[in-house]
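Close look at the chain arrangement
If you want the building blocks of each chain, they are given just below.
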Number of protein chains: 4
Amino acid sequence: MTIRVGIIGTGLIGEDHGRKLANVINGSTVSAVTDVNRARAEEVAATLGGVRVFDSGLDLIASDEVDAVLVTSIGPTHAEYVLACIAAGKPVMCEKPLAPTVPECEQILAAEAAFGKRLVIVGYMRRYDPGYRQVKASLESGAIGDALILHNVHRNATVGEAYTSFMTMTDSMIHEVDTSRWLLGEEITAVQVIPPKRTPKAFPHLQDPQFAVFTTESGILSTVEFFANCQYGYDVRCELVGSLGTSSLANPVVSSTIAAGTDATTIPPDWRARFGAAYTAELQAWITGLQAGECVGPSAWEGYAATKVVEVGVEAVKTGERMIIEYIEKPAIYR
Amino acid sequence: MTIRVGIIGTGLIGEDHGRKLANVINGSTVSAVTDVNRARAEEVAATLGGVRVFDSGLDLIASDEVDAVLVTSIGPTHAEYVLACIAAGKPVMCEKPLAPTVPECEQILAAEAAFGKRLVIVGYMRRYDPGYRQVKASLESGAIGDALILHNVHRNATVGEAYTSFMTMTDSMIHEVDTSRWLLGEEITAVQVIPPKRTPKAFPHLQDPQFAVFTTESGILSTVEFFANCQYGYDVRCELVGSLGTSSLANPVVSSTIAAGTDATTIPPDWRARFGAAYTAELQAWITGLQAGECVGPSAWEGYAATKVVEVGVEAVKTGERMIIEYIEKPAIYR
Amino acid sequence: MTIRVGIIGTGLIGEDHGRKLANVINGSTVSAVTDVNRARAEEVAATLGGVRVFDSGLDLIASDEVDAVLVTSIGPTHAEYVLACIAAGKPVMCEKPLAPTVPECEQILAAEAAFGKRLVIVGYMRRYDPGYRQVKASLESGAIGDALILHNVHRNATVGEAYTSFMTMTDSMIHEVDTSRWLLGEEITAVQVIPPKRTPKAFPHLQDPQFAVFTTESGILSTVEFFANCQYGYDVRCELVGSLGTSSLANPVVSSTIAAGTDATTIPPDWRARFGAAYTAELQAWITGLQAGECVGPSAWEGYAATKVVEVGVEAVKTGERMIIEYIEKPAIYR
Amino acid sequence: MTIRVGIIGTGLIGEDHGRKLANVINGSTVSAVTDVNRARAEEVAATLGGVRVFDSGLDLIASDEVDAVLVTSIGPTHAEYVLACIAAGKPVMCEKPLAPTVPECEQILAAEAAFGKRLVIVGYMRRYDPGYRQVKASLESGAIGDALILHNVHRNATVGEAYTSFMTMTDSMIHEVDTSRWLLGEEITAVQVIPPKRTPKAFPHLQDPQFAVFTTESGILSTVEFFANCQYGYDVRCELVGSLGTSSLANPVVSSTIAAGTDATTIPPDWRARFGAAYTAELQAWITGLQAGECVGPSAWEGYAATKVVEVGVEAVKTGERMIIEYIEKPAIYR
């Protein structure tokens, strides 16, 4: 059975996912697209072989040509579309964040719990990166003992002027929030943000780099350096420090070059080069799951928890104080 | 258009490729299988959703449910099936070697040339490995200057008793023959084989490891250490030495673990772990090409040249002398 | 001119330095030793060829067979001996800390300033490690832009029961305090300590690992993970993050071994293996300097500043709060 | 007891060793120098504090101000001076080669055997390099099983016009000849030289790079790529392939730098940067040995064997054939 996916939001990421769902992923086609910018939707529809263009996300969700929905529109629109999918009983993959506010996320949790089974997954693709999976496997094997500290580095070459100091939390560190929760198997219960010296290479309004310390339920620290304008490339690292040893992500390297006095490997230029394969794996897992009648991927609870942490994280950016994070009770379907 | 592939030979590699063509590759299904062992063919057919099982390869090739053929039967049967595909005008991917003897390969070249366009590709998957491609790109970019020497290492954990000293050439170094030709863009014109001290870990009849020096048209050396029973894993390396620098393959590493006094990365256990993704990329390129009406992959000429080199290489194993290699004229369709 | 060194304190480090001053360093001999444990002093004196054993440090300092003094006794005795050396006008190298309390350090600064020229150096050997020097050179070359963050890791295999949570600051992180000041060329003006989850491998009284964030005058963060019982070896790292790139210390590696599925390098077992050569380089620089009539090595001011930071750091361990650090004015001879 | 060393030949290497014997090595001074270029000898003498300049090597050897002799004059003069040292009963360290011809080496062996105890060491400094020692230790520990193949790479940035194709053997690969013998504990019994494509960066008369395959008594292969004009730096590697695993030299790295899309480490620029510490260790071991009345370092037999191999190696360069190497019986004092 081929899963016919409808895409809401045909920006860069929607287009990229659409291309994969049509040409790379086994078991899916793209049957419909929509975008607030109709011309853009039609342009992307054309590259997908002329699929149908809907006037609105709600129309697309309602269409019986659409078996499953991919939400890649801007964050503030996510909740409406995800809730409509749940109402329609249709599987939905929502790019992160599940929703930018906690109340919206809680509404989604309530709706999905009322529906009675999982329909929603959230696009935290790093969980599908082989390096992160090996780090997790290393912990689970017992090879490094008990987890004590997780050190994360997240560096990006440059960002535009629209990028703000709060987005370091809501757009960027939200990835480390998710990977920390997932690797450690615990909720984050506190966060403190400590600003380093600013780079002269950022727009003046931006605190860049940024440094945060997250604490989990059992007291594990997860430190995160985020640097939006590091200039040199896209560099994501983590080292999980255990009581017997450590396990570290390595930048994927398949060759090296020696010339003019140096032995060098290449740093990925951007997230697409670094995590493109993880996005593909995530989409494939979702589609393969749907073919088997299962909902495979980070749940709405994972989406809620990440949004909750970064919401408090934004306060932590403002205050510089250690802020405590508390959660609603986890609905039974997510346990 | 979905390409319906028929598979001749459902051993390990045929089964693996079949699974990918059915479930991983975008644009293909498996429509038919056959094997000298009928029970085995039916077993594999069942895992592919109950596809049709043919009595013979020739029946399968003739079927109008088969758009393209994958030949993964044993080497001595390759030529017959490939020639039948050409006669039927059907695209065929033949696992290496194209054929185990030079006359068979020449027959295929003649048949394909007579047919007038390329139908045949040969399964030299390493050309699709990202590491090898980066090494090639590094040469083509000019970063390392002119190619002068290529050092290759090809190590395998263990082999069974059936593996012979000649197979180091025909089954194993044939990969380095192909990658050398492809990386350097030149034919191999001489080969010498120098036996190192034998490992105590091999069966007594086997010269293991083995060391060969190939020379190309312009005089570039390609050295190859092949070690069938290195015990520790599957380890394929190459360093291309140029007049300005060098470019080297690295074992793909995405994490490292520190414990008990060492900082360690994992060596792939076998060829499947190391080149599984390259096989997938090769199959996808073939299928995507077929959808566009093109024949994408190493040509029958590449298959012929590799078989020619290893045929002389077997003599070189016997004599210990430097043997010269001469080729027929390259038919126009391969230029 | 051979420098005749007298050693006060013949514990492990005093013995080790003594052996080097006698047999490895060019330009020095050991002429005298003393220790609170007379038997131990005589034992070490015997290994040095029967050098003279003094009853007390003050006697040794006064001896005209002693050109320069090495203080390797326990911390609380340092100030008395260093002050006596200054009073005697004799060069002295004092192992870290200069003195365990800030008032003692200030007394030394005052005495040396009154004497009018530098006589005292403090044993911060990491400044002589080639890796640290390359990191510093990389910053100074402009290759990585402006310093913004320094990430430090300092892991030790195991510590005995006598090791306390405050010693993480006074005995261990004091090294990172010194290297941070030296690499960045700025004083540390604030410190916060955040306790991670405790390892089950430490004695219950010990907070281990420990995490600290130091801030410098211009706002650069220096993060330090110290882990006293990491089990796996002695592992010291730093990455200096600049506005254009980063420079990182690498564990010195001169070979690697592949066996049984892994490619491994060795982690140093202890500080002696890791920094033995740095200690030698430090001693040689001191002796070579003395031969030229110069005082070469970290000054008493460096010793004072490090003690000041860790004194506040101990408060930071107690309070968990960000503590501010203020210094006396720097005497002219240290500028 | 301080060893007073007289130096015959104050070229670059003689000056460098002299500086170390005077200022770095513990237990030695330089008491005398001589050189065919008297002005040069006086210049170097001045930098060593005005030591005595002799008119000839034989005068220097005869002087009772000279306890031990360092021969760093040009190769063809080595035998005369070494024989004179033996006649005078004085310890001598001779830079490689012991002598450029086999008969001269045999004369030295005979003289030293007649003298009845070892006086001569030859400057094969790589044996003192920590990386090579770890590779040897790895073999001796059993970790990699039985030695089967040794792969060597020896690359140099550039050489002058005076450098000839035979010198690739007599001046450069002679180092790999010595390390192969030493690592494997066996004599080399055959050699074949296979010329790769020439670099456009060398003078036209020079075969560069060069590739040789040495075979030992038990059949172990030692392959050597030597590249005199690799342009990019000085790069010496070896991988010892055993029946259970491999052990490899790593270029000593103590830091890495990330900038502009690459993660890079530095390749040593020349032999001095790469093996300076090994030269120091070799000199120190020699001097410390002499203080204890022992002769510590590669013996005259090692010098003879290396000269013997490269003498046949030069024939192998000429003929391209596999040449057999046979030795005189080893005198008892070298067993």
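Provided above is the structure to which this section pertains.
Quick look at the structure, then.

Description of the overall build of chain A
Along the backbone of chain A there are 9 helices and 14 strands. Taken over the C-alpha trace, chain A has a radius of gyration of 20 Å; the compact-globule value for 335 residues is 20 Å, and the two agree within 12%. When its C-alpha atoms are laid out on the principal axes, chain A stretches across 55 × 55 × 45 Å. For chain A, the residues scored as buried account for 63% of the 335 residues in total. Within chain A, residue pairs in contact and separated by at least 24 positions form 72% of the contacts whose partners lie at least 6 positions apart. Roughly 11700 Å² of accessible area belongs to chain A as shown, and the carbon and sulfur atoms make up 54% of that amount. Measuring between centres, the 27 positive side-chain charges of chain A sit 2 Å from its 39 negative side-chain charges.

A closer look at the relation of the copies chain C and chain B
Two chain copies here: they are related by a rotation about an axis and a translation along the same axis. Superposing chain C onto chain B requires a rotation of 180° together with a translation of 0.0 Å along the rotation axis, leaving an RMSD of 0.0 Å. Such values leave the two copies arranged in the relation of a two-fold axis. Nearest to the rotation axis, the C-alpha of Ala264(C) is located 2.1 Å from it, this being the minimum over chain C. In this assembly, 100% of the residues forming the interface of chain C have copies in chain B that are likewise at the interface, indicating an isologous arrangement.

Let's talk about helix α2 (residues 38-47) of chain A
Residues and elements named next belong to chain A. If you check which residues of α2 are buried, you get Arg40, Ala41, Val44 and Ala45. Considered in projection along α2, the buried side chains sweep an arc of 140° and stay on one side of the axis. Seen from the buried face of α2, the exposed residues on the opposite side, beyond 90 degrees, are Ala39 and Ala46. Structurally, α2 contributes buried residues whose contacts are with α1 (12-23), β2 (28-34) and β3 (52-53). Its side-chain oxygen at 3.2 Å from the backbone nitrogen of Ala39, Asn37 defines the N-terminal cap of α2. One or two steps after α2, the chain reaches Gly49, where phi turns positive at roughly 90°.

Focus: the packing of helix α7 (residues 167-184) of chain D against helix α9 (residues 300-319) of chain D
All names here are of chain D. Where α7 contacts α9, the two axes come as close as 9 Å, and the packing angle between them is 125°. It follows from the interaxial angle that α7 and α9 lie oblique. When you trace α7 past α9, the crossing you get is right-handed. Contacts between α7 and α9 involve Met169, Thr170, Ile174, Val177, Asp178 and Arg181 from the first element and Trp301, Glu302, Ala305, Ala306, Val309, Val310, Gly313, Val314 and Val317 from the second. For the contact of α7 with α9, a count of residues per class yields 10 nonpolar, 2 polar and 3 charged.

With respect to the interface of chain A and chain C
Between chain A and chain C, the residue contacts involve 38 residues of the former and 38 residues of the latter. Carbon and sulfur atoms supply 66% of the area buried between chain A and chain C, which totals about 2700 Å² over both sides. Across the pair Glu239(C) and Arg155(A) runs a salt bridge, and its minimum N-O distance is 3.1 Å. Where chain A packs against chain C, one counts 11 residue pairs in polar contact (both at pLDDT 80 or more). Of all elements in the fold, only β7 (147-155), β8 (188-194), β9 (210-216), β10 (221-227), β11 (235-242) and β12 (245-259) of chain A reach the threshold of two or more residues within the side of chain A that touches chain C. Looking at the side of chain A that touches chain C, the element that brings in the most residues is β7(A), giving 5 residues. For the side of chain A that touches chain C, the per-class residue count stands at 17 nonpolar, 12 polar and 9 charged.

Some points on the relation of the copies chain A and chain C
Superposition of chain A onto chain C requires a rotation of 180° combined with a translation of 0.0 Å along the rotation axis, giving an RMSD of 0.0 Å. Most of the interface of chain A is mirrored in chain C, where 100% of its interface residues are also at the interface.

Some details on the interface of chain C and chain B
Each partner contributes residues to the interface: chain C has 13 residues there, and chain B has 13 residues. Considering only the surface of chain C that becomes buried against chain B, Tyr232(C), Ile258(C) and Gly261(C) emerge as the three largest contributors, covering 46% of it. In this structure, the connection of chain C to chain B is made through 0 salt bridges. Between chain C and chain B we count 6 residue pairs in polar contact (both at pLDDT 80 or more) in total. Only β11 (235-242), β12 (245-259) and β13 (262-266) of chain C provide two or more residues apiece to the side of chain C that touches chain B.

Concerning the pattern of salt bridges
What the rule picks out here adds up to 88 salt bridges over all chains. The closest approach of N and O atoms between Arg4(C) and Asp67(C), which form a salt bridge, is 2.8 Å. Of this pair, Arg4(C) sits in strand β1 (residues 3-8) while Asp67(C) sits in the loop between α3 (57-62) and β4 (68-71), placing them 63 residues apart in sequence. The exposure class assigned to Arg4(C) is partly exposed, which follows from its relative accessible area of 31%. For Asp67(C), a relative accessible area of 25% puts it in the partly exposed group. By sharing partners, the salt bridges in this structure join Arg127(A), Asp178(A), Arg181(A), Glu187(A) and Glu302(A) into a single network.

The rules behind the values
- Residues numbered from 1 in each chain as written.
- Chains lettered and ligands numbered in written order.
- Predicted model: local features only at pLDDT ≥ 70, side-chain atom pairs only at ≥ 80, totals over all residues.
- Heavy atoms only, no water.
- Helix = DSSP H or I, 4+ residues; strand = E, 2+ residues; numbered from the N terminus.
- Rg over C-alpha atoms; globule rule 2.2 N^0.38 Å.
- Buried < 20%, exposed > 50% of the residue type's maximum accessible area, 1.4 Å probe, protein only.
- Contact = heavy atoms within 4.5 Å.
- Areas by Shrake-Rupley, 256 points an atom, 1.4 Å probe, with all protein chains shown as cover.
- Lys, Arg positive; Asp, Glu negative; His and termini not counted.
- Charge placed at Lys NZ, Arg CZ, Asp CG, Glu CD.
- Least-squares fit on C-alpha atoms with pLDDT ≥ 70 in both.
- Arc of directions from axis to C-beta.
- Polar contact = N/O pair within 3.5 Å; in protein donor to acceptor, adjacent residues only side chain to side chain.
- Axes fitted to C-alpha atoms, helices over the stretch in contact; angles between N-to-C directions.
- Parallel < 35°, antiparallel > 145°, perpendicular 65-115°, else oblique.
- Left-handed = near helix turned anticlockwise from the far one by under 90°.
- Nonpolar A, V, L, I, M, F, W, Y, C, P; charged D, E, K, R; others polar.
- Buried area = accessible area lost by both parts, 1.4 Å probe.
- Salt bridge = Lys/Arg side-chain N within 4 Å of Asp/Glu carboxyl O.

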